[in-house]
Amino acid sequence: MQRNKIEFAVGGMHCAACSARIERVLGNMPEVAEVSVNLPLGRAVVVPAPGVEQAALIPEIVQTVERLGFTARPEEAGGDAASAAARWEAHQKEEDAELADRRRDLAPALICTLLLLYLAMGEMIGLPGPAPLSPAAHPARFALAQLLLCLPVLWSGRRFYLRGLPALFRKSPNMDTLVALGTGAAFLFSFWNTLAELVPGWAPLGDGSSAVLMEHMGRAEAWASGEGILAALFGAGHAAHGPELYYESAAVVIALVSLGKYLEIRSRRRASEALKSLLDLTPETALLLAGPDENAARKEVPVAALAPGDTVLVRPGGRVPVDGMVLSGSSHVDESMLSGESMPVTKNPGDPLAGGTINQNSALVMRVERVGADTVLARIVRLVQEAQAAKAPIAGLADQVSLWFVPAVIACALPAGLFWWWYGQDVAFALRVLVGVLVIACPCAMGLATPMAIMVGTGRGAQLGVLFKNGTALEHAARLTVMVFDKTGTLTEGRPAVTDLVLLDAEARPKPTANPGTALQLAASLENASEHPLARAVLRRAEEAGLTAPAPIEFTALPGRGVAGLVPLASGPVQAVIGNLALARERLAGNEAVIARLEETAGALAAQAKTPIVLLCEDRPLALLAVADPIRPEAPAVLRRLEALQITPVMLSGDNEATARAVAGSLGISRVTAEVLPDQKESVIRILQAKGEVVGMVGDGINDAPALARADVGMAVAEGIDVAVETGDVVLMRKGLEALPDALGLSRAVLRNIRQNLFWAFGYNIVGIPFAAGVFFYFGGPALSPMLAGAAMALSSVSVVSNALRLRFYRG
């Protein structure tokens, strides 16, 4: 996502039609280059067109959104974790207030609806009705009692009318409009017939008896005989010989849709638990030290008051307040919430610390290095929020349909009702069809299908140490067919190490019985003055063995070949040389048999992708050291998991063909491209894409930047908790490659979840709307009651949200 974006908190959105309308209107503004509106988060992200000033665009966007009947409040993008937490808490408070309002309205609505159902349909299911309110003996009392019970339910659902009808007049109808029109029509029809019972000479609508409908439509007798609950849901919903009333239909629809919306909002809150767990990591205060000593004077200060260079004490069991470096102390630090790595990491002086991690067993003194928006935690939160607000390409169809869905439903409902009236049914049946079509249609399910899955999936990814930067990367990662690996630093440790030390006799043959300590000490002394990467590998090996490496008395660098020098040993100084085979041939010139044996031994090491280094003492072969970049221990298992996912691994390397193929062979990789310069890796990606492959690239995010950008999904290995990786679409936070299969598996789970949600959302409307319109009834099936339509509408959104919430438990 571009950096010059503007974020808005949008209020008043209740379905996909709302978000689609805002997105389309803002997207048509010439000052706007890109816009994305997220329904469950209630946020809009706007990218201004080139040359447009943000300060001038913000009020124009606010006014445009308000003209559509919504609210828009600009919010500062980015910021530190505390700022993000404040914005999140403000959003949660708004949802809490809405939930409280709905909860207050829901209780009386459900009570009155149950009483209304008992009064209207109690006799149909064998319950004794109140004699003073008998529909046959006292029709006026019967109608008036239903009216009085329906009015509190209408008041509890007033938001449907206050939002839905104005939206219709603004030519941007939404889900509230459908509920308002459907229940309003049922109420007005019933109110008219109530007046007919109360006012002499007032003519009722319909034939006055729903039982006549069942007798007239004999085809439906197989589905509902006129008795019991089936008759209420699929046939006539009233006692015979009473006024034709649909108060209970209006009340049940409002009560069920309100209940469904309440459950939906409550479930959506659970989708942000992963982000909340990140926001809760930063402590509010820190112990500031007056000096670098743990015993220095200390003062408790707000974390926001810390600045780079400050010294802070982190107590055992406390959270690290900001990013920094250990000055003194040694402890184990739990970084699982940031990196997904379950094992604590040992921290010693000089090691980095990230804010939000937990110091486990000993006090640490740290120097503050990064604060505010620059901390690791703040960047992780920012990436997660941007990913949750983004859309995946698969959402395009749902967005287009949502924009026109509500007007299309309204356009279908009226003709459906008129058809049945023209076909010979009474006004009551036509009204039931009209209300059923309006109420059963649910744009919410379509609007929530994609963003809810992305919201939950990206949050779960952060817990597993996988950061998806946008919805496109999440979707494309699920479709990869090829995964390209950079060798050095990705499949290997990226740090040369001495893997073998072979002692040689005077004839350059292996001499396994000799003590290697002297040879290693001699080699380390020579390399002590060298800056070559292989020299550092030799020095690390000597340090691990506990050997000292005295500086040579004399030292000569031999460019391209090695080094020579006079090394002081306990037995006296000796002349030694260490370098490549070319240097050995030069020093052993004239002794071809020794050179041949030396090359044979060195060749066996080179065949294993190891670089041989020859150590000569007094111009006689002493040892062969093999230096290699060790393969990451988790790499073989990761590659096996990729094969199980039917993803073909490809290795790129700048090494020579033999070395590259030796490494690939040890890993089981058959497709290798060797001797590739960094600027040529991007061309390899392009060639694979031209063959129809969907290509992922795993690299370190520095030398591999062009290839990562070219790949369909660039995955940057961040090494632990360092997230300063700008090129990749996905950041693997855990050290090594262990998070890669989790990233791919999670992306597939999210895409599968989105497809399930879209299938049920579209399938529900494709089947439900014709059902409510009476298509099944025309062919001898049941006619759908508006009450059942309302229940189905409420359950559709709840089911989509509940399905998305299953991603919280993804284990990989």
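As shown above, the structure is provided for reference.
Residues numbered from 1 in each chain as written. Predicted model: local features only at pLDDT ≥ 70, side-chain atom pairs only at ≥ 80, totals over all residues. Heavy atoms only, no water.

(A) The arrangement of the packing of helix α14 (residues 427–440) against helix α28 (residues 786–805) in detail. Across the interface, α14 lies against α28 with an axial gap of 8 Å and an inter-helix angle of 5°. In terms of orientation, α14 lies roughly parallel with respect to α28. Together, R432, V435, G436, V439 and I440 of α14 and P786, A789, G790, A792 and M793 of α28 make up the contact between the two elements. Residue composition of the contact of α14 with α28, by class: seven nonpolar, two polar and one charged. (Axes fitted to C-alpha atoms, helices over the stretch in contact; angles between N-to-C directions. Helix = DSSP H or I, 4+ residues; strand = E, 2+ residues; numbered from the N terminus. Parallel < 35°, antiparallel > 145°, perpendicular 65-115°, else oblique. Contact = heavy atoms within 4.5 Å. Nonpolar A, V, L, I, M, F, W, Y, C, P; charged D, E, K, R; others polar.)

(B) Structural context of the nonpolar core. Within the largest apolar cluster, 138 residues are counted, with the highest numbers of intra-cluster contacts made by F8, I22, M483, F485, M715, L740 and L744. Considering each element in turn, this core owes the most residues, 16 residues, to helix α26 (residues 739–773). When near neighbours in sequence (up to four residues on either side) are disregarded, L744 contacts A477, L480, M483, L642, L645, I647 and M715. Counting 22 residues, the second largest nonpolar core, distinct from the first, contains V498, V538, I613 and V627. (Core = buried A, V, L, I, M, F, W, Y, C linked by side-chain atoms within 4.5 Å. Buried < 20%, exposed > 50% of the residue type's maximum accessible area, 1.4 Å probe, protein only.)

(C) Up close: helix α23 (residues 657–667). The complete set of buried residues in α23 reads T659, A660, V663, A664 and L667. The buried side chains of α23 occupy one side of the element, clustering within an arc of 130° when seen end-on. Exposed side of α23, more than 90 degrees from the buried face: A658 and G665 are the residues found there. Buried residues along α23 sit in contact with α17 (487–491), α22 (635–644), β22 (648–652) and β23 (671–673). (Arc of directions from axis to C-beta.)

(D) Molecular detail of the environment of G457. On the secondary structure map, G457 appears in helix α15 (residues 443–463). Sequence separation of G457 and F809 is 352 residues, and the distance between their C-alpha atoms is 9.8 Å. Dropping the residues within four chain positions of it, G457 is found in contact with L746, V750 and L807.

(E) Looking closely at a nonpolar patch on the surface. Judged by side-chain polarity, F419, W422, Y423, I766, V767, V775, F776, Y778 and F779 come together as a nonpolar surface patch covering roughly 990 Å² of accessible area. Looking at the secondary structure, you find F419 in helix α13 (residues 396–423). (Patch = residues over 30% accessible without salt bridge, like charges linked within 9 Å, V, L, I, M, F, W, Y side chains within 5 Å. Areas by Shrake-Rupley, 256 points an atom, 1.4 Å probe, with all protein chains shown as cover. Salt bridge = Lys/Arg side-chain N within 4 Å of Asp/Glu carboxyl O.)

(F) Structural detail: the packing of aromatic side chains. Scanning all chains against the criterion turns up 15 aromatic pairs. Pairing F759 with W760 gives two aromatic rings, centres 5.2 Å apart and planes at 80°, and the pair type is edge-to-face. When sorted by exposure, F759 lands in the same class as W760, which is exposed. Counting every residue linked through ring pairs, the aromatic cluster contains F419, W420, W422, Y423, F429, F777, Y778 and F779. Here the guanidinium or amino end of R158 rests over the ring plane of W155, the centre of that ring lying 4.5 Å away. (Phe/Tyr/Trp six-rings, centres within 6.5 Å; stacked < 30°, edge-to-face > 60°. Lys NZ or Arg CZ within 6 Å of the ring centre and 35° of its normal.)

(G) Quick peek at the sheet that holds strand β24 (residues 695–699). What the seven strands build is an open sheet, ordered β14-β26-β25-β24-β15-β22-β23; its pairing is mixed. The open sheet terminates on both sides in strands that have one partner only, identified here as β14 (466–468) and β23. Within this sheet the neighbouring strands show an average axis-to-axis angle of 20°, counted without direction. Across three bridges, strand β25 (residues 713–717) lies against strand β26 (residues 730–732) in parallel orientation. Within the sheet, the bridge partner assigned to M715 lies in β26 and is V730. Strands β14, β15 (482–486), β24, β25 and β26 of the sheet are contacted by α26, whose axis makes an angle of about 45° with β14. (Pairing = 2+ DSSP bridges.)

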